[in-house]
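# Observations on chain architecture
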Amino acid sequence: MRIDVVTLFPEFVQQGIGFGVIGRAAERGLLEVEAWNPRDYAEGGYRRVDDSVCGGGPGMVMLIEPLRKALAAARQAAAGKAPVIYLSPQGRRLTQDKVRQLASLPRMILLCGRYEGIDERLVEREVDEELSIGDYVLSGGELAAAVVIDAIGRLQEGALGDAQSALQDSFSVGLLDCPHYTRPVGHEFGEVPAVLLSGDHAAVNRWRRMQSLGRTWLRRPELLENLTLGQDDQRLLEEFKREHKGQTHEQDH
Ligand code: ADE
C-alpha cells in the first residue's frame, strides 16, 4: 500500500511511523509513505502557505494554491486513483470498520491542515472524504494522519507476526479485547487467573469471550446495543454480571 501525505511537517509524519510494527512494515515494503510539503509549492520569498480569515477573527487559513499543487504532485507520484482524505475534527469519526475498508485500498492521499484549517473551496473541489480521529481538537492533522497510517499499516498482510492478533483486536468483532497476562504467574500485584494456566483451550476461550463481553458491557455498553448476541454469549455475559455484582457501567465516572 502507498500513502502520500500532504503536510507542512513531513518529518513529523515520517518519524511518527518509524517504529515497531509499522516501521518494520515500511522497511519490508508492505507500506510506502511519502510526504509532500505545500511550502515547496508556495510562491514568493516567504513561501507563504496561509493568510488571514475572511470576515475577520483569530487565526490563519491555509491557501488554496500551495495545497493544490502539492496534491497534484502527490497524485501524479501515486499514479492511479487515490482518494484524498482530509483529517479534521469536522470529519466522520474513524472506526475500526473504516480502518479495515481503507486498509484494503492500494493507495490514498492524506491531507493535513494546520491553523484554523484549509480554505473550504479546496476542500470542496479536491477532498473525497473528511475523517476525524475523535471529538477533540489537535493543532494539526499530522498526528491524526499518523494514527490512520498506524491503524491501516498493521492490517497489511504480513505486518503483524501472527495474523490472528488482528482478529483478536478490540472492535474487530464489535467487542473490546479481553485482558492479557504474562509471567511471572505469581506477583505482588496479584495472580494470573487460574483458567489461563489450565491448558484447557476451550475453557480459556470461554473465559476470554466472557471477559470481552463483560468489559464491553462495563466500559462501552453502547457497542453491545449494535450486536445481536447468540445464546452462548448471553449466558457468558450473565455469568460475568453475576461475578461482578454491584459493578455497573464505568463510562461516565
Ligand atoms: N485535526 C485537528 N483535530 C483533529 C481530529 N480530532 N481528527 C483529525 N484531524 C484533526
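Let's shift gears to the site of the ligand. All residues in the neighbourhood of the ligand are listed as Leu 87, Ser 88, Pro 89, Leu 131, Ser 132, Ile 133, Gly 134, Tyr 136, Val 137, Leu 138, Gly 140 and Ala 144. Ile 133 is positioned such that a nitrogen or oxygen atom in its backbone is 3.0 Å from a nitrogen atom of the ligand. One nitrogen or oxygen atom from the main chain of Leu 138 is found 3.0 Å from a nitrogen atom belonging to the ligand. Coverage of the ligand by the protein amounts to 96% of the 260 Å² it exposes when considered alone.

Among the nonpolar cores identified, the biggest contains 27 residues, and Ile 3, Val 5, Leu 31, Met 108, Leu 110, Ile 149 and Ile 152 are the most heavily contacted of them. At the level of secondary structure, the elements contributing two or more residues to this core comprise strand E1 (2-6), helix H2 (20-27), strand E5 (84-93), helix H4 (96-103), strand E6 (107-112) and helix H6 (142-153). If you tally residues by element for this core, the top one is H6, at seven residues. Setting aside chain neighbours within four positions, we find Ile 149 in contact with Ile 3, Val 5, Val 13, Ile 17, Ile 22, Leu 31, Val 33 and Leu 110. With 21 residues, the next largest nonpolar core counts Ala 70, Ala 73, Val 84 and Leu 122 among its residues.

What follows covers the pattern of salt bridges. With the rule as written, the count across this model stands at 17 salt bridges. Ionic pairing is found between Arg 93 and Asp 135, a salt bridge with its closest N-O pair at 3.1 Å. Pair noted here: Arg 93 is in strand E5 and Asp 135 is in the loop between strand E7 (129-132) and H6, with a separation of 42 residues, a long-range link. Members of the salt-bridge network, linked through shared partners, are Arg 2, Asp 4, Glu 32 and Glu 34.

Next up on the list: the pairing of E1. Of all the five residues making up E1, five are buried; the element is thus mostly covered by neighbouring parts of the structure. Two elements, E1 and strand E2 (residues 32-36), share five bridges in a ladder whose sense is parallel. If you follow Val 5 over to E2, its bridge partner there is Ala 35. Sheet topology note: the E1/E6 ladder contains five bridges and is parallel. Bridge assignment links Val 6 to a residue of E6, and that residue is Leu 111.

As a further point, take the sheet that holds E6. With parallel pairing, five strands are arranged side by side in an open sheet as E2-E1-E6-E5-E7. Looking at which strands have only one partner, the edges of the open sheet turn out to be E2 and E7. Averaged over all adjacent pairs, the angle separating strand axes in this sheet is 35°, with direction ignored. Taken strand by strand, helix H3 (residues 64-78) contacts E1, E2, E5 and E6, and its axis lies near 165° from that of E1.

Moving on: the side chain of Asn 37. Structurally, the position occupied by Asn 37 is in the loop between E2 and strand E3 (50-52). Under the relative-accessibility criterion, Asn 37 is labelled buried at 14%. Engagement of the side chain of Asn 37 in a polar contact is seen with the backbone nitrogen of Arg 39, the distance being 2.9 Å. Not counting residues up to four positions away in its chain, the partners in contact with Asn 37 are Thr 7, Leu 8, Pro 10 and Ala 70.

Right, let's talk about H4 for a bit. Regarding H4, the residues found buried are Gln 96, Lys 98, Val 99, Leu 102 and Ala 103. Buried residues of H4 fall within an arc of 155° about the axis and therefore sit on the same side. Elements that come into contact with the buried residues of H4 comprise E5, E6, E7 and H6.

Helix H10 (residues 231-243) packs onto helix H8 (residues 201-219) with a crossing angle of 70° between their chain directions and a minimal axis gap of 9 Å. Our classification of the angle between H8 and H10 gives roughly perpendicular. Note on packing geometry: the crossing formed by H8 with H10 is right-handed. Counted together, Arg 206, Arg 209, Met 210, Gln 211, Leu 213, Gly 214, Arg 215, Trp 217 and Leu 218 of H8 and Asp 233, Leu 236, Leu 237, Glu 239, Phe 240, Lys 241 and Glu 243 of H10 form the full contact between these two elements.

This brings us to the domain arrangement of the chain. Here the domain parsing of the chain yields domain 1 (2-153) and domain 2 (168-252). Computed from C-alpha atoms alone, the centre-to-centre distance between domain 1 and domain 2 is 37 Å.

Criteria and thresholds
Residues numbered from 1 in each chain as written. Predicted model: local features only at pLDDT ≥ 70, side-chain atom pairs only at ≥ 80, totals over all residues. Heavy atoms only, no water. Near = heavy atom within 4 Å. Polar contact = N/O pair within 3.5 Å; in protein donor to acceptor, adjacent residues only side chain to side chain. Areas by Shrake-Rupley, 256 points an atom, 1.4 Å probe, with all protein chains shown as cover. Core = buried A, V, L, I, M, F, W, Y, C linked by side-chain atoms within 4.5 Å. Buried < 20%, exposed > 50% of the residue type's maximum accessible area, 1.4 Å probe, protein only. Helix = DSSP H or I, 4+ residues; strand = E, 2+ residues; numbered from the N terminus. Contact = heavy atoms within 4.5 Å. Salt bridge = Lys/Arg side-chain N within 4 Å of Asp/Glu carboxyl O. Pairing = 2+ DSSP bridges. Axes fitted to C-alpha atoms, helices over the stretch in contact; angles between N-to-C directions. Arc of directions from axis to C-beta. Parallel < 35°, antiparallel > 145°, perpendicular 65-115°, else oblique. Left-handed = near helix turned anticlockwise from the far one by under 90°. Domains from an automatic or database assignment.

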